[in-house]
Amino acid sequence: ENLFLSGLTAMEKKLAEYKCNTNEAIQLKLVRFPEDLEDENTTFNPEYSHQVFGDDEVAFGYKGLKILLYYIAGNLSTLFRIEYASKVNEKFDCVEADDVESKIREIIPPGFCTNTDDFVSLLEKEVNFKPFGMLLHTYSIHNEEAGEDITYQIYKADMTCPGFREYHERLQTFLMWFIETASFIDVDDERWNYFLVFEKYNKDGATLFATVGYMTVYNYYVYPDKTRPRVSQMLILPPFQGEGHGAQLLETVHRYYMSSPTVLDITAEDPSDNYVKLRDFVLVKLCQDLLCFSPVKLMQGFSQEMVTEAQQKLKINKQHTRRVYEILRLRATNMGDAEQSRSYRLDVKRRLIGPYKKKQRELAKMRRCLRPEEMTNQLNQIDLNLQREQLEESFQQLVSDYRRVLERLAQA
């Protein structure tokens, strides 16, 4: 019996060596020059791979597994290859390796290269790639490393642009690796708008374009003749993150819809914390010069005038306008002054307490219909001291988020 057990652990040990973390195994690249293929510095890894490889983010059956997904920087033509040092063998190890290839094939569109030579010959044609759709905005950012200003452009595209459908299929595969709950959209629905960011770069004297990121927006219909665009997905590719492209993109999208009389306001679907911080910055930047947000008016409290002006001029909805007001009022408030700071705190907490108040109204209703012993259970859930603590904690967290927005604004 002991022999059997020790045999098992040896086997288990052996098999454990054949487990690979898929976030490390998957190697992504955006390739501009043939030498990028060999350059470790151009490689980046996914943040998530659970949608493809399960919650453990593990592939079993290989040692030294590498899943290469290389994209040509502009049109995103793909090279897909799997490399490994060794693989378990059904005959000897009585177990089967995961079919890694078919899992990746499920999310990347067909028509990819499987060898480097084909990929490099495609790279030579990249000079013909041009951005899709209509140019909305051009901006430049100083790049320390290159010691020069780099130019970026934002375009609005749709499925009628030749080649865009296939390009978008390749682009959206990045969502799986960088957005925790990503899903692919129904591109045949014509109410989708696509906004794309490109970098202009030089290669052998020609100007080429590299994909930086994108945003999809869905135009919800609002009775009788309006729409309410909702931001669905937004991704700046990792090599370009932290350079301010997200803010440029969101501001450009707002400006695009601002010019349309049929748009009510812009919302977002299930926004991440990072997106909310980005949106706070962009909306405050857009709003800070509106008359309704002058320091005098901020001190008088949140008003209908702010809601109306932000919605009509900038397509900002009421909930987001309220946050803009709180951030701008913080800037106008001397938090060292006891009276001013108390007034600010009360104003924000009054909004934060809304959900608690709603709960209490529901309780009061229940109180009228429930027997006393059922009631005590319900009441125990809401302890007033706890509520005060949570409220204070939410308030402090909010103020520190707001301060970060104001710091970024001061540098902008």
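Each chain has its residues counted from 1, following the order in which its sequence is written. Local features in this predicted model are restricted to residues of pLDDT 70 or higher, and side-chain atom pairs are both shown and tallied only at a pLDDT of 80 or more, whereas totals for entire chains, interfaces and linings draw on every residue. Values shown for side chains rest on all heavy atoms present in the structure; no hydrogens or waters enter the calculation.

Going by the annotation in an unreviewed UniProt entry, the name recorded for the chain is Histone acetyltransferase type B catalytic subunit, with Donacobius atricapilla given as the source organism. The UniProt entry for the chain carries the following comment under Sequence similarities (unreviewed entry): "Belongs to the HAT1 family." UniProt positions are given in the numbering used here, feature names are shortened, and annotations may be inferred rather than shown by experiment. Reading the Catalytic activity (unreviewed entry) entry of the UniProt record for the chain gives the comment "L-lysyl-[protein] + acetyl-CoA = N(6)-acetyl-L-lysyl-[protein] + CoA + H(+)".

Student: I'm lost on the packing of aromatic side chains in this one. Help?
Tutor: The geometry of an aromatic ring pair is captured by two quantities: the separation of the ring centres and the angle between the planes. The pairing test for Phe, Tyr and Trp rings, Trp by its six-membered ring, is centres within 6.5 Å, and the orientation test on the planes gives stacked under 30 degrees, edge-to-face over 60, and tilted for anything in between. One pass over the full model with this rule turns up 22 aromatic pairs. Centre to centre, the rings of phenylalanine 129 and phenylalanine 198 are 6.0 Å apart; their planes meet at 55 degrees, and the pair counts as tilted. One end of the pair, phenylalanine 129, is in the loop between helix 6 (116-124) and strand 9 (134-143); the other, phenylalanine 198, is in strand 11 (residues 192-203), with 69 residues separating them in the sequence. A 1.4 Å probe rolled over the protein chains alone gives each residue an accessible area, and that area as a share of the maximum for its type sets the label: buried under 20%, exposed over 50%, partly exposed in between. Using a relative accessible area of 0% as the deciding quantity, one classes phenylalanine 198 as buried. With a centroid separation of 5.4 Å and 20 degrees between ring planes, the pair formed by tyrosine 139 and tyrosine 152 is classed as stacked. Of the two residues, tyrosine 139 sits in strand 9 while tyrosine 152 sits in strand 10 (residues 148-157), which places them 13 residues apart along the sequence. Exposure class is identical for tyrosine 139 and tyrosine 152. Each is buried. One aromatic cluster is present, formed by Phe129, Phe132, Tyr155, Phe164, Tyr167, Tyr194 and Phe198 through successive ring pairs. Just above the ring of tyrosine 70 sits the side chain of lysine 29; from NZ or CZ to the centre is 5.4 Å. Where helices and strands are cited, they refer to DSSP runs of H or I of at least four residues and of E of at least two residues respectively, numbered from the N terminus. Here, over-ring charges are defined by two tests on the NZ atom of lysine or the CZ atom of arginine: distance to the ring centre within 6 Å, and angle to the ring normal within 35 degrees.

Student: Quick question: what am I supposed to make of the layout of surface pockets here?
Tutor: Space left empty within the atom packing is revealed by a probe, the size of a water molecule, rolled over the atoms. In this structure, the largest pocket spans a volume of roughly 1,600 Å³. Only helix 8 (173-178), strand 13 (226-236), helix 9 (245-258), helix 10 (273-287) and helix 17 (384-411) provide two or more residues apiece to the lining of the largest pocket. Residue type decides the class: Asp, Glu, Lys and Arg count as charged, Ala, Val, Leu, Ile, Met, Phe, Trp, Tyr, Cys and Pro as nonpolar, and the leftover types, Gly among them, as polar. Partitioning the lining of the largest pocket into residue classes produces 20 nonpolar, 13 polar and 11 charged. For the purposes of this description, domain bounds are those given by an automatic or database domain assignment. Taken together, domain 2 (130-270) and domain 3 (332-411) each give at least three residues to the lining of the largest pocket, which thus spans both. Space inside the second largest pocket adds up to approximately 800 Å³. Residue lining of the second largest pocket: 25 residues in total, with Arg32, Asn143, Ile150, Glu199 and Phe240 positioned closest to the centre. Counting only elements with at least two residues in the lining of the second largest pocket, the list comes to strand 10, strand 11 and strand 12 (206-222). No other element matches strand 10, which puts 5 residues into the lining of the second largest pocket. Counted by class, the lining of the second largest pocket contains 11 nonpolar, 6 polar and 8 charged residues. Residue assignment places the lining of the second largest pocket across two domains, with domain 1 (13-126) and domain 2 (130-270) each supplying three or more. Think of a 1 Å grid over just the protein atoms. A cavity is a set of points where a 1.4 Å probe fits yet cannot get out, a pocket is an open set with protein on both sides within 12 Å along at least five of seven lines, and lining residues have an atom within 4 Å of a point. Grid points are joined across faces, edges and corners, and a volume is the space filled by probe spheres set on the points.

Student: Would you explain the UniProt feature "active site" (unreviewed entry) in the chain in this entry?
Tutor: The UniProt feature table records "active site" (unreviewed entry) at Glu269. Relative to the helices and strands, glutamate 269 resides in the loop between strand 14 (267-268) and helix 10. Once residues lying within four places of it in the same chain are set aside, the contact partners of glutamate 269 are Arg230, Val231 and Ser232. Within the structure, glutamate 269 has its side chain in polar contact with the side chain of arginine 230 (distance 3.4 Å). Here a residue-residue contact requires only that any non-hydrogen atoms of the pair lie within 4.5 Å. N or O atoms closer than or at 3.5 Å make up a polar contact, with two conditions inside protein: a donor-capable atom paired with an acceptor-capable one, and, for residues adjacent in sequence, both atoms drawn from side chains.

Student: Which parts of the structure should I look at to understand the environment of asparagine 45?
Tutor: Within the element layout of this structure, asparagine 45 appears in the loop between strand 3 (43-44) and helix 3 (50-53). Note on asparagine 45: relative accessible area 36%, which makes it partly exposed. Setting aside its immediate chain neighbours within four residues, asparagine 45 contacts Asn23, Glu24, Ile26, Gln27, Leu28 and Phe178. Within the structure, asparagine 45 has its side chain in polar contact with the backbone oxygen of glutamate 24 (distance 3.4 Å). Polar contacts involving the side chain of asparagine 45 include one to the main-chain carbonyl oxygen of isoleucine 26, which spans 2.9 Å.

Student: Could you clarify how one ought to interpret the sheet that holds strand 10 in this entry?
Tutor: In any sheet, the strands associate via hydrogen bonds between backbone groups, in a parallel or an antiparallel arrangement. Across the sheet, 6 strands lie side by side as 9-10-11-12-13-14; this open sheet has mixed pairing. The strands lining the two open edges of the sheet, one partner per strand, are strand 9 and strand 14. Paired strands, as defined in this entry, are two strands with at least two bridges between them according to DSSP. Relative to strand 11, strand 10 runs antiparallel, the two being bridged by 6 bridges. Residue pairing across strands places glutamine 153 opposite phenylalanine 198, the latter belonging to strand 11.

Student: Help me understand the UniProt feature "site: Interaction with histone H4 N-terminus" (unreviewed entry) in the chain in this model?
Tutor: According to UniProt, the feature "site: Interaction with histone H4 N-terminus" (unreviewed entry) maps to Trp192 in the numbering used here. Mapped onto the elements of the fold, tryptophan 192 is located in strand 11. By relative accessible area, tryptophan 192 is classed as buried at 11%. Ignoring sequence-local partners within four residues, the contact set of tryptophan 192 consists of Ile185, Asp186, Thr216, Val217, Tyr218 and Ser232.

Student: In this structure, what is going on with the pairing of strand 7 (residues 78-83)? I would like to understand it.
Tutor: Moving residue by residue along a regular strand, the side chains alternate between the two faces of the sheet. Note: strand 6 (residues 66-72) against strand 7, 6 bridges, orientation antiparallel. Across the sheet, leucine 69 pairs through a bridge with phenylalanine 80, a residue of strand 7. Between the end of strand 6 and the start of strand 7, which pair antiparallel, lie 5 residues, with leucine 76 showing a positive phi angle near 65 degrees.

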